Amino acid sequence: MKRLIAAAVAGTLVAGMAQAGVTEDDLKNDQTITTQVVTNGMGRSLQRYSPLETLNKDNVKNLVPAWAFSLGGEKQRGQESQPLIYDGVMYVTGSYSRVYAIDLKTGDEIWQYDARLPEGILPCCDVINRGGAIYGDNFYFGTLDARIVALDLKTGKVVWNKKIENYKEGYSYTAAPLIVDGKVIVGNSGGEFGVVGAVYAFDAENGDLIWKRPTIEGNMGELNGEPSTMTGTLNATWPGDMWKTGGGATWLGGSYDADTDTLVFGAGNPSPWNSWLRNAGEPTEGNKGDNLYAASRIGIDPHTGEIKWHFQTTPREGWDFDGVNEVVPFVDANGNKRFATADRNGFFYVLNREDGGFVSAKPFVRDITWAEGIDETGRPIFIEAGRPGNPAASVDGKKGEVVFSAPSFLGGKNWMPMSYSQKTGNFYVPSNEWGMDIWDEPISYKKGAAYLGAGFTIKPIYESHIGSLKAIDPNTGEWKWEYQNEAPLWGGVMTTAGGLVFFGTPEGKFIALDDETGEKLWSFQTGSGIVGQPVTWEMDGEQYVSILSGWGGAVPLWGGEVAKKVNYLNQGGMVWTFKLPKQMAMAN
Ligand code: CA
């Protein structure tokens, strides 16, 4: 019944918007309009939850491929994109800033767009793309040379193409844009090159920059072509001129909380990684070396780009614990409006939606070495022995003391998005349990060059697994169940009202688990590693599920001893779409 109503509502909306394309209402109601998926995250709150229940625990074992589509070419690298579904067409982005429009019924290609990338782009962590956005009659996506491009939905022709920042300085972009109030809102990538993180709002119609909000204190914002306000207070938590190359890249994009009309973007590691160079004082001296707002979540007014609030997960960050992880609005067991975010630093945080205030934090991985826990104000209780040593204290001043740290710099969780099930009230968090040897070194900033001042080697901790998908009760932080995987998990998770948890593994399996028990109900070998993000939708009364398969991303490039363990995995580039056999689907 619920499904029929949703379908009827969707039908009305689609009929009413034949000329207008995707509207603000479509974006707002993306989660409940089950015939389309027009936002990253299956709704701007990024819950990745579908109310569809045609596919369920009993029948998912019968799921079979409906069609598959190859991204082709020689450019088969990590495929981290989330497909979008609109008006009979699937839109997916591929490695090397490519876009494909695919017939939803047949899997035939309608058009392909290849961004012409210049020599000398500086992506840190594979030539990936995480998806696009649809608004009006356009498809929007970011490119590896730090541009934002609007394409005509029907033809794939360029409507406008604007520079976010200069790729020669180390900027790039890979996250899916977020559309709010007619603005295309994006971040930037490049935190390993000493860029300055920022959030940008472009006019969806013509690509004009409306506002820009840097994430690092001391940098000036922009509104309608004029300087607006400074971010934070100059030199409050950064020494000297370090804030000018202070990192805080917003490379994973953001979410939107409609209830408080707030954009929430995360800011990555402060630059350089060597935290001793960024400390205005020891941690006891009034937190002067915190380096705001790096490694933080930032609440932003979508209309002006002003900062409403911030919450820093890792002050004076020194392990590459980027604070970019997705912030997901939900309602807790007591009816309170909350945000949840699983940080790269290994802690699962619950925040107050009104002001980003701290509510709770619990570990979502084992063996955390850098902090004993999070205190009642939300600040980590640091373990000083877990901080890489100061190179200045070493004999030759060239290499600080090596420490073993868990999580590794690739995080208890990296980019791969979790899901919140409205059915169970649990979060389903794709995590990794691994560590690293890390040490600090001297470094000075050079435009367009890596700006780390650190060295590292990632190591497994357990023979049994690195990947660990956990069902977490956000009210208590309790792990309800865990599904362990040998290779690190690097793809997104989706839940459904049918009681299913979908995700993929680098070993190539696309898997459905029982949302209550974690029991494996179905799996399919896709032929290459999965680092993509599943979606589901309804067409002609049948429920479909799609996932991109194509191994890559940061692990094979930066994974140290772990990379050696996974180097047998084959690359690829395929969209797989599944459904139940017709007679079974009709029997529902
Ligand atoms: Ca980083």
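See the structure above.
Residues numbered from 1 in each chain as written. Predicted model: local features only at pLDDT ≥ 70, side-chain atom pairs only at ≥ 80, totals over all residues. Heavy atoms only, no water.

## A short note on the environment of Gly-88
Here is the rule: Here a strand is any run of E in DSSP of at least two residues, a helix any run of H or I of at least four, and the numbering for each starts at the N terminus. The cut-offs for exposure are 20% and 50% of the maximum accessible area for each residue type, with area from a 1.4 Å probe on protein chains only; residues under the lower value are buried, those over the upper are exposed, and the others partly exposed. Residue contacts are defined here by distance: any two heavy atoms, one from each residue, within 4.5 Å place the two residues in contact.
Structurally, Gly-88 can be placed in the loop between strand S3 (84-86) and strand S4 (89-94). Owing to a relative accessible area of 37%, Gly-88 belongs among the partly exposed residues under this scheme. Taking the C-alpha atoms as reference points, Gly-88 and Leu-63, separated by 25 residues in sequence, lie 21 Å from one another. Once you skip the residues sitting within four places of it in the chain, Gly-88 turns out to touch Ile-102, Asp-103 and Leu-104.

## With respect to the coordination of the calcium ion
As a reminder of what qualifies: Any N, O or S atom lying within 2.8 Å of the metal counts as a donor, and for Na, K and Ca the limit rises to 3.2 Å; water is left out, so some sites can look incomplete.
Note on the calcium ion: its protein donors are Glu-192 (OE), Asn-269 (OD1), Asp-320 (OD), Asp-322 (OD) and Asp-322 (OD). The metal-donor distances range over 2.3 to 2.7 Å. Donor residues binding the calcium ion come from one chain and are separated in sequence as E-x76-N-x50-D-x1-D. In this pair, Glu-192 sits in the loop between strand S12 (183-186) and strand S13 (198-203) while Asp-320 sits in the loop between strand S20 (307-312) and strand S21 (328-331), placing the two residues 128 residues apart along the sequence. Overall, the relative accessible area of 16% leaves Glu-192 in the buried class.

## Observations concerning the state of the cysteines
Rules: We call a pair of cysteine sulfur atoms a disulfide whenever their separation is within 2.5 Å.
This model, assessed by the stated rule, comprises one disulfide. Covalently, Cys-124 is tied to Cys-125 through a disulfide, its sulfur atoms 2.1 Å apart. Around the S-S axis, the bridge from Cys-124 to Cys-125 shows a dihedral of about -105° and counts as left-handed.

## Considering empty space enclosed by the protein
Keep this limit in mind: In the cavity and pocket records, a cavity denotes points on a 1 Å grid over the protein atoms alone where a 1.4 Å probe fits but cannot get out, a pocket denotes an open set with protein on both sides within 12 Å along at least 5 of 7 lines, and lining residues are residues with an atom within 4 Å of a point. Grid points are joined across faces, edges and corners, and a volume is the space filled by probe spheres set on the points. Residues are grouped as follows: Ala, Val, Leu, Ile, Met, Phe, Trp, Tyr, Cys and Pro are nonpolar; Asp, Glu, Lys and Arg are charged; all remaining types, including Gly, are polar.
The final tally for this structure, using the stated rule, is three cavities of 30 Å³ or more. By volume, the largest cavity amounts to about 300 Å³. Those elements that place two or more of their residues in the lining of the largest cavity are strand S7 (133-135), strand S11 (178-180), strand S17 (254-257) and strand S18 (262-267). Of all the elements, S18 adds the most residues to the lining of the largest cavity, at three residues. Its residues assigned to classes, the lining of the largest cavity shows 18 nonpolar, nine polar and four charged. Computed from the structure, the second largest cavity encloses a volume of approximately 80 Å³. Along the walls of the second largest cavity sit 13 residues, with Asp-30, Gln-31, Gln-36, Met-42 and Thr-536 positioned nearest its centre. Elements with a minimum of two residues in the lining of the second largest cavity: strand S1 (49-50) and strand S38 (535-539).

## Let's talk about the side chain of Ser-255
As for its placement among the helices and strands, Ser-255 is situated in strand S17. With sequence-adjacent residues up to four places away left out, Ser-255 is seen in contact with Arg-44, Leu-46, Leu-178, Thr-262, Leu-263, Val-264 and Val-327.

## Things to note about the sheet that holds S18
Definition in use: Any two strands are treated as partners once DSSP identifies two or more bridges connecting them. Fitted lines through C-alpha atoms give the axes, limited to the stretch in contact for helices. The angle between two N-to-C directions lies from 0 to 180 degrees.
If you trace the four strands from one edge of the open sheet to the other, you get S17-S18-S19-S20, paired in antiparallel fashion. Strands at the two margins of the open sheet, each flanked by one partner only, are S17 and S20. Between one strand axis and the next, the sheet turns through 20° on average, direction left out of account. Examined bridge by bridge, S17 and S18 share four bridges and lie antiparallel to one another. The residue of S18 that forms the bridge with Ser-255 is Val-264.

## Concerning the packing of aromatic side chains
What characterises a pair of aromatic rings is the spacing of the ring centres plus the angle enclosed by the ring planes. The condition is simple: Two aromatic rings, drawn from Phe, Tyr or Trp (for Trp, its six-membered ring), form a pair once their centres lie within 6.5 Å of each other, and the interplanar angle then sorts them: stacked below 30 degrees, edge-to-face above 60, tilted otherwise.
For the coordinates displayed, the defined rule picks out 38 aromatic pairs. Measuring from ring centre to ring centre gives 5.7 Å for Phe-510 and Trp-522, while their planes differ by 85°; the resulting arrangement is edge-to-face. Remark: Trp-522 occurs in strand S37 (residues 520-525) and Phe-510 occurs in strand S36 (residues 509-514); sequence separation between them is 12 residues. Like Phe-510, the residue Trp-522 is buried in the burial classification. With 6.2 Å between their ring centres and 20° between their planes, Trp-576 and Phe-578 make a pair best called stacked.

## Thoughts on unusual backbone geometry
Following Leu-292, the chain continues to Tyr-293 via a peptide bond in cis, the omega torsion being -10°. With respect to the secondary-structure elements, Tyr-293 resides in the loop between S18 and strand S19 (296-300). A positive phi angle is found at Asp-181, which is not glycine, with a value near 55°. You can see Asp-181 is positioned in the loop between S11 and S12. Positioned with a positive phi, Asp-367 is a non-glycine residue whose angle comes to about 70°. In this fold, Asp-367 is placed in the loop between strand S24 (358-363) and strand S25 (371-374).

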